[in-house]
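Below are the chains, spelled out letter by letter.
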Amino acid sequence: MNILDKIIAHKRIEVAQRKVATPFVVLEKGPLFERRPLSMTEFIRNPGKSGIIAEFKRRSPSKGNINTKVKVEDVTVGYSTAGASALSVLTDTEFFGGASDDLIMARGLNQIPILRKDFTIDEYQIVEAKSMGADTILLIAAALQPNEVKAFCKFAHGLELQVLLEVHDEAELRDNIDADADLIGVNNRNLKTFELSIEVSKRLAPMIPNHVVKVSESGIEAVNTIIDLKTYGYQGFLMGQNFMQREEPGAACKEFIEELRAAQVTSK
């Protein structure tokens, strides 16, 4: 079993328990359920924005504790103020130290789209995401069958949520190319070895349809990497660890975006 297999096995138990504790009908009566979601694709495509999806993540299986001292409200507001196009908030507790309340807190303080970063294996979690105030859900191709990806995309769209489909290689992308995801994220991290290579994003870029927002995930640490990836059609850049490992993630994000904007002006 690789780490994803372990996470999904635990997630199945967790979701079964959550369904009993908080049934669908309770989620649908939540104060945020009727809120109209923001369009992550529009925010990322906005030429005046940075394209950065800044992530709040306390820990990860590959790195252990990253930053357990900061508060979600401080970090996400810092990201938003810095110029991030969108936020990503981990809600998985067991492996990433996240919580539903993290996303709910972030939603109440920020006016940019929020991705619920979790391991979706059931429609229940999509309804949960809507009730938390998320705008976009994550579907991981490696954890789902193509028919599940397609069904979950349709279900999410029915709730006016957008979908970020994460792929790791050509086979996953090819098998889910017609799933109707709004954004396709190429994860540069090998799930088996944890090795990172930006070349994965470059290799898969031509396979992603132009009407879908291309997002590169993991391993982005330098401004020049983003400038390079933009030449391959990428508009979104999911960044977490690079900011979260700093004492003040929001300030780190601000510094990075300022450097990015300066570099883009110079390169024109």
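All values derive from a computational prediction rather than experimental measurement.

## Description of the packing of aromatic side chains
Thought 1: Inspection of the entire model under this criterion finds four aromatic pairs.
Thought 2: Consider the rings of Tyr79 and Phe243, whose centres lie 5.8 Å apart with planes at 55°: the pair is tilted. Placement of the pair is Tyr79 in helix α4 (residues 72-82) and Phe243 in helix α11 (residues 241-244), with a sequence separation of 164 residues.
Thought 3: With relative accessibility at 0%, the residue Tyr79 sits in the buried group.
Thought 4: On the accessibility criterion, Phe243 (1% relative accessible area) is buried.
Thought 5: Residues Phe243 and Phe256 carry aromatic rings whose centres are separated by 5.9 Å and whose planes lie at 75° to one another, so their mutual orientation is edge-to-face. In this pair, Phe243 is assigned in helix α11 and Phe256 in helix α12 (residues 249-267), connecting sequence segments 13 residues apart.
Thought 6: Through pairs of rings, three or more aromatic residues link up here, namely Tyr79, Phe243 and Phe256.
Thought 7: Above the plane of the ring of Phe33 lies Lys130, whose end atom (NZ or CZ) is 5.9 Å from the centre.

## Section: the layout of surface pockets
Thought 1: Estimated volume of the largest pocket: approximately 570 Å³.
Thought 2: As for the largest pocket, its lining consists of 34 residues, of which Lys57, Lys117, Asn187, Arg189 and Ser218 are closest to the centre.
Thought 3: Those elements giving two or more residues to the lining of the largest pocket turn out to be α1 (3-21), β6 (136-140), β10 (236-239) and α11.
Thought 4: When residues of the lining of the largest pocket are assigned to their parent elements, the largest contribution, three residues, is made by α1.
Thought 5: Of the residues belonging to the lining of the largest pocket, the class tally is 15 nonpolar, ten polar and nine charged.

Definitions and limits used
Residues numbered from 1 in each chain as written. Predicted model: local features only at pLDDT ≥ 70, side-chain atom pairs only at ≥ 80, totals over all residues. Heavy atoms only, no water. Phe/Tyr/Trp six-rings, centres within 6.5 Å; stacked < 30°, edge-to-face > 60°. Helix = DSSP H or I, 4+ residues; strand = E, 2+ residues; numbered from the N terminus. Buried < 20%, exposed > 50% of the residue type's maximum accessible area, 1.4 Å probe, protein only. Lys NZ or Arg CZ within 6 Å of the ring centre and 35° of its normal. 1 Å grid on protein atoms, 1.4 Å probe; cavity = no way out; pocket = protein on both sides within 12 Å on 5 of 7 lines; lining within 4 Å. Points joined across faces, edges and corners; volume = space filled by probe spheres on them. Nonpolar A, V, L, I, M, F, W, Y, C, P; charged D, E, K, R; others polar.

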